[in-house]
Amino acid sequence: MALAQVMNSNKKPPQETLHTKDKAEAFLLRELDKAIDDMENGRVQEIEDAWKEIDAV
């Protein structure tokens, strides 16, 4: 959901769209870093719970 908000660039000028894409990329990299940190520290989610979250989107 947050990514959709960051990437909502349908009616923005090209320069602003590029800035929005940079924000989206930074957001994705931060979230990936958090996920890797969680895995390294043993904080994992059961696969059934993960699929429930995915299906809700």
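Note that this is a predicted model, so its numbers are computed, not measured.

## Structural notes on a nonpolar patch on the surface
Together, Leu29, Leu32, Ile36, Met39 and Val44 give the surface a local cluster of nonpolar side chains, amounting to about 510 Å² of exposed area. Relative to the elements of secondary structure, Leu32 occurs in helix 2 (residues 14–40). Accessibility expressed as a relative area gives 48% for Leu32, which makes it partly exposed.

## Brief notes about a negative patch on the surface
Where like charges cluster on the molecular surface, the negative patch consists of Glu46, Glu48, Asp49 and Glu53. The residue Glu53 is located in helix 3 (residues 47–56) in this model.

Here is what the cut-offs are and how they apply
Residues numbered from 1 in each chain as written. Predicted model: local features only at pLDDT ≥ 70, side-chain atom pairs only at ≥ 80, totals over all residues. Heavy atoms only, no water. Patch = residues over 30% accessible without salt bridge, like charges linked within 9 Å, V, L, I, M, F, W, Y side chains within 5 Å. Areas by Shrake-Rupley, 256 points an atom, 1.4 Å probe, with all protein chains shown as cover. Salt bridge = Lys/Arg side-chain N within 4 Å of Asp/Glu carboxyl O. Helix = DSSP H or I, 4+ residues; strand = E, 2+ residues; numbered from the N terminus. Buried < 20%, exposed > 50% of the residue type's maximum accessible area, 1.4 Å probe, protein only. Lys, Arg positive; Asp, Glu negative; His and termini not counted. Charge placed at Lys NZ, Arg CZ, Asp CG, Glu CD.

That is the geometry; function is a separate question.
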